[in-house]
Amino acid sequence: MSGKLFVIGFGPGSFEHITQRAREAIEDSDVIIGYSTYVDLIRGLLTDQEIVSTGMTEEVSRAREAVRQAEAGKKVAVISSGDAGVYGMAGLVYEVLVEKGWTEKTGVPLEVIPGISAINSCGALLGAPIMHDACTISLSDHLTPWELIARRIEAAGMADFVIALYNPRSGRRTRQIVEAQRILLTYRSPDTPVGIVKSAYRSREHVVVTTLEQMLEHDIGMLTTVIIGNSSTFVYDGKMITPRGYQRKYTLSVDEQPLLPHQRLRVENEPWSLEAQGGSGQEPAGASIAQSVAVQERTQSPAAQPDSGTPQAAAIAVQSPPAPAHPQQSPLSWALEALAVLDGESEASSAAAARTVQSFTPELIFECSVSPGVANKKITPQQMMLLAEVTKDKGEIEYTPHHQLILRVPTAEPERITERLRAAGLMVSPIGDVVQIKACDFCDGEKKDSIPYAEQIQQKLAGRQSPKELKIGFNGCGMACYGAVREDIGIVFRKGKFDLFLGAKTVGRNAHSGIPVAEGIDAEEIVPLVERIVARYKQDAFPNERFHKFFQRVGEIEGYKWREPAKAEIETAACGD
Ligand code: SAH
């Protein structure tokens, strides 16, 4: 018996994207079985094969016919678009075979040939939207209860997966995509990039990059795949791009680093890792690799962090492999040690060899911000010289409008740098999506009454992870000359009490200052109040949602109501538009 079953995924629909093996199998077959549109797509490859083409809904009869003909001694190709194992024919063919008691040994030979699925072809046309953890969800509820599909959308939305929606809409199924958008908007910002690709690599190909909020304004049908970005997906030059990790550089995540690098990788210091939860007590071979992966996961997924405000959380974001847990025990050091023994070298020099291994530790760009203090704005020449020394030739120092110097230094030992800076009296803080305090100089220290409150806020909140960078402006008198009212949270000390401003928008044509929400707040109240405001923002904001947008969306924080700022009257330019 020479019968054989091929289950073939022929890719998105263009000849260049059909694999070599798929072509050979099609050429080799006596019979081609598939949905008529698909048979038409590969017709150019056919010679004298018999064609059994059926309608879309006749999948089961197609699978049965294929098995019957193969068992009768023919070579039969069952074709699916994309990959046959993704909402295609592969599963069905197996189901029919299983029913007949087929086994690989006794039954008709079967080969499943992989193809490029829509998630990959559409992803390529959009840019690089997949990149990170992604999933496919079919919105077709013909064979799957909607309740289950909705739960999956919910779970994927919550876990920040990039999502490829297959079968998003048909003539009759129009509500599913509306419902999917509604669910996703509860977890993701309305600005989240969304790609809509129709007929990828076919004659009527159409590609749109839009947002979660506006996606339904575009044509979505049976031949469309909709790709929803995750919280860090961005659009650049019309392309949708999801970064490989959530952070590319690393920074301090809290002001104080309680653990040294080698301590951080120990299981007891990673209570959230799989290793820690398994609790076998025995370190299996390759444990350090497992631990390194745990570090990457912990730093790349905000959701996986426990309370990122606690000192243990997210010590360092690592893009390339982190340093081995025990450098002296890495395979490379073993090899060097072995070489040293073979060479008859002394133990001392093999230890030296092991030490050189440490220099193989990948260097990453360490970023942090440096300032002379909360209230102090003066840097001494000695501090300047130290800054130059630690940055050396490969690093850089950036002066920002936020009273900070940002250091970027390639190093494998950030603690060395931060220790030296701190010893010289400099304040070192993490940067990125963290809380930052911008205080005035309190008239060179003359108006010093409110300095302790600024310092308390600095101590309690500065450097804590935040959905988006959050700036707290603190001014020591009613002049507010350092512009506290232009920050996300503005605090102004006046006549022994505090005024509070919330939700300034610092950029754009509709920039506005913070909404004055309260005056005369008792001095002892201000620190806990600001802590509660920041905690609410951390808890309820979408990833990447700016504070003013959040305040506007939720309408109220700590009893303070959002008020629409006055709109600027924009005059038409004299010379036209
Ligand atoms: N086996 C196929 C999927 C079949 S389900 C695969 O792996 O790609 C049918 C769905 O796939 C369509 O509703 C659409 O969402 C998606 N799809 C298949 N081919 C596509 C193409 N060329 N362009 C865009 N989407 C496509």
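These notes cover the structure that comes with them. Treat the numbers as computed from the prediction; the structure is a model and nothing was measured. (Residues numbered from 1 in each chain as written. Predicted model: local features only at pLDDT ≥ 70, side-chain atom pairs only at ≥ 80, totals over all residues. Heavy atoms only, no water.)

## Brief notes about the packing of helix H13 (residues 381–391) against helix H14 (residues 414–423)
Axis angle and axis distance: for two packed helices, these are the angle between their axes and the distance between the axes, and together they describe the pair.
Phase 1: Interhelical geometry of H13 versus H14 gives an angle of 175° and a closest axis separation of 10 Å. Between H13 and H14, the angle falls in the class roughly antiparallel. Residues Leu 386, Leu 387, Glu 389 and Val 390 of H13 lie in contact with H14, whose contacting residues are Ile 417, Arg 420 and Leu 421.
Phase 2: In terms of residue class, the contact of H13 with H14 is made up of 5 nonpolar, no polar and 2 charged. (Axes fitted to C-alpha atoms, helices over the stretch in contact; angles between N-to-C directions. Helix = DSSP H or I, 4+ residues; strand = E, 2+ residues; numbered from the N terminus. Parallel < 35°, antiparallel > 145°, perpendicular 65-115°, else oblique. Contact = heavy atoms within 4.5 Å. Nonpolar A, V, L, I, M, F, W, Y, C, P; charged D, E, K, R; others polar.)

## Some points on the packing of aromatic side chains
Phase 1: Inspection of every chain in the model, using the stated rule, returns 12 aromatic pairs.
Phase 2: Consider the rings of Phe 551 and Trp 562, whose centres lie 5.5 Å apart with planes at 80°: the pair is edge-to-face. With a gap of 11 residues between them, Phe 551 in helix H17 (residues 547–554) and Trp 562 in the segment after strand S25 (560–561) connect regions that are remote in the sequence.
Phase 3: Exposure remark for Phe 551: the relative accessible area of 0% places this residue in the buried category.
Phase 4: For Trp 562, a relative accessible area of 15% puts it in the buried group.
Phase 5: One aromatic cluster is present, formed by Phe 442, Tyr 453, Phe 474, Phe 493 and Phe 498 through successive ring pairs.
Phase 6: The ring of Phe 542 carries the charged tip of Arg 553 above its face, separated from the ring centre by 4.0 Å. (Phe/Tyr/Trp six-rings, centres within 6.5 Å; stacked < 30°, edge-to-face > 60°. Buried < 20%, exposed > 50% of the residue type's maximum accessible area, 1.4 Å probe, protein only. Lys NZ or Arg CZ within 6 Å of the ring centre and 35° of its normal.)

## A closer look at the sheet that holds strand S13 (residues 239–241)
Phase 1: Strand order in the open sheet formed by 3 strands is S6-S13-S12, with mixed pairing between adjacent strands. Two strands in the sheet have a free side with no partner beyond their single neighbour: strand S6 (127–128) and strand S12 (234–236).
Phase 2: In this structure, S6 lies alongside S13, joined through 2 bridges in parallel fashion. In the strand pairing of S13, Ala 128 is matched with Ile 241. (Pairing = 2+ DSSP bridges.)

## Some points on the pattern of salt bridges
As a working rule, side chains carrying opposite charge can pair if their charged atoms are close by.
Phase 1: Going through the model one piece at a time under the given rule, you end up with 27 salt bridges.
Phase 2: Two residues, Arg 546 and Glu 469, come together in a salt bridge whose shortest N-O distance is 3.7 Å. Of this pair, Arg 546 sits in the loop between helix H16 (523–540) and H17 while Glu 469 sits in the loop between helix H15 (451–461) and strand S20 (470–475), and the two are 77 residues apart along the sequence.
Phase 3: Take Glu 469: its relative accessible area is 32%, and that puts it in the partly exposed class.
Phase 4: The partner of Glu 558 in a salt bridge is Arg 532, and the shortest N-O contact between them spans 2.9 Å. (Salt bridge = Lys/Arg side-chain N within 4 Å of Asp/Glu carboxyl O.)

## Looking at the sheet that holds strand S2 (residues 31–35)
Phase 1: Strands sit in the order S3-S2-S4-S1-S5 across an open sheet of 5 strands; the sheet is parallel. Each edge of the open sheet carries a strand with a single partner, namely strand S3 (50–54) and strand S5 (110–113). Each strand of the sheet is rotated relative to its neighbour by a mean of 15°, with strand direction disregarded.
Phase 2: Both S2 and S3 contribute to a ladder of 5 bridges, which runs parallel. Within S3, the position partnered with Ile 33 by the bridge is Val 52.
Phase 3: Along the sheet, helix H1 (residues 20–28) makes contact with strand S1 (4–9), S2, strand S4 (75–80) and S5, crossing S1 at roughly 140°.
Phase 4: Across the sheet, helix H3 (residues 59–71) touches S1, S2, S3 and S4, and the angle it forms with S2 is around 175°.

## Observations concerning helix H6 (residues 146–158)
Phase 1: Over its 13 residues, H6 runs 18 Å from end to end, which matches the ideal 18 Å to within 8%, given 1.5 Å per residue.
Phase 2: Those residues of H6 that fall on the buried side of the exposure criterion are Ile 149, Ala 150, Ile 153, Ala 156 and Gly 157. The arc enclosing the buried residues of H6, seen along the axis, measures out at 130°, which places them on a common side. In H6, the exposed positions that point more than 90 degrees away from the buried face belong to Glu 147, Arg 151 and Met 158.
Phase 3: Looking at the buried positions of H6, the neighbouring elements they touch are strand S7 (134–138), strand S8 (162–166) and helix H7 (175–185).
Phase 4: Immediately downstream of H6, the backbone of Asp 160 shows phi near 60°, a positive value. (Expected span 1.5 Å × (residues − 1). Arc of directions from axis to C-beta.)

## Examining a nonpolar patch on the surface
Phase 1: A cluster of nonpolar residues, Tyr 94, Val 98 and Val 112, forms a patch on the protein surface that exposes about 260 Å² of accessible area.
Phase 2: For Val 98, a relative accessible area of 58% puts it in the exposed group. (Patch = residues over 30% accessible without salt bridge, like charges linked within 9 Å, V, L, I, M, F, W, Y side chains within 5 Å. Areas by Shrake-Rupley, 256 points an atom, 1.4 Å probe, with all protein chains shown as cover.)

## Brief notes about the nonpolar core
Phase 1: Among the nonpolar cores identified, the biggest contains 42 residues, and Ile 472, Ile 489, Ile 491 and Leu 500 are the most heavily contacted of them.
Phase 2: Sorting the residues of this core by element identifies strand S19 (435–439), H15, S20, strand S21 (489–494), strand S22 (497–502), strand S23 (515–521), H16 and H17 as the ones contributing at least two each.
Phase 3: Examining the composition of this core, we find that 8 residues originate from one element, H16, more than from any other.
Phase 4: Setting aside its immediate chain neighbours within four residues, Ile 491 contacts Ile 457, Ile 472, Gly 473, Phe 474, Asn 475, Ala 484, Phe 498, Asp 499, Leu 500, Ile 526 and Val 530. (Core = buried A, V, L, I, M, F, W, Y, C linked by side-chain atoms within 4.5 Å.)

## Regarding the site of the ligand
Phase 1: The full set close to the ligand counts 20 residues, and Val 86, Ser 117, Met 222, Thr 224 and Thr 225 are the nearest of them.
Phase 2: The contact in question runs from an oxygen atom of the ligand to an N or O atom on the side chain of Asn 167, over 3.1 Å.
Phase 3: When isolated, the ligand has an accessible area of 540 Å², and the protein chains bury 95% of it.
Phase 4: Going through the elements one at a time, helix H5 (118–126) and strand S11 (224–228) are the ones with two or more residues in the shell around the ligand.
Phase 5: Taken together, the residues of the shell around the ligand break down into 11 nonpolar, 7 polar and 2 charged. (Near = heavy atom within 4 Å. Polar contact = N/O pair within 3.5 Å; in protein donor to acceptor, adjacent residues only side chain to side chain.)

## With respect to helix H4 (residues 90–99)
Phase 1: Along H4, the positions that sit buried rather than exposed are Ala 90, Leu 92, Val 93, Val 96 and Leu 97.
Phase 2: Of the surrounding secondary structure, the elements contacted by the buried residues of H4 are S1, H3, S4 and S5.
Phase 3: Phi turns positive one or two residues past the end of H4, at Gly 101, with a value near 75°.

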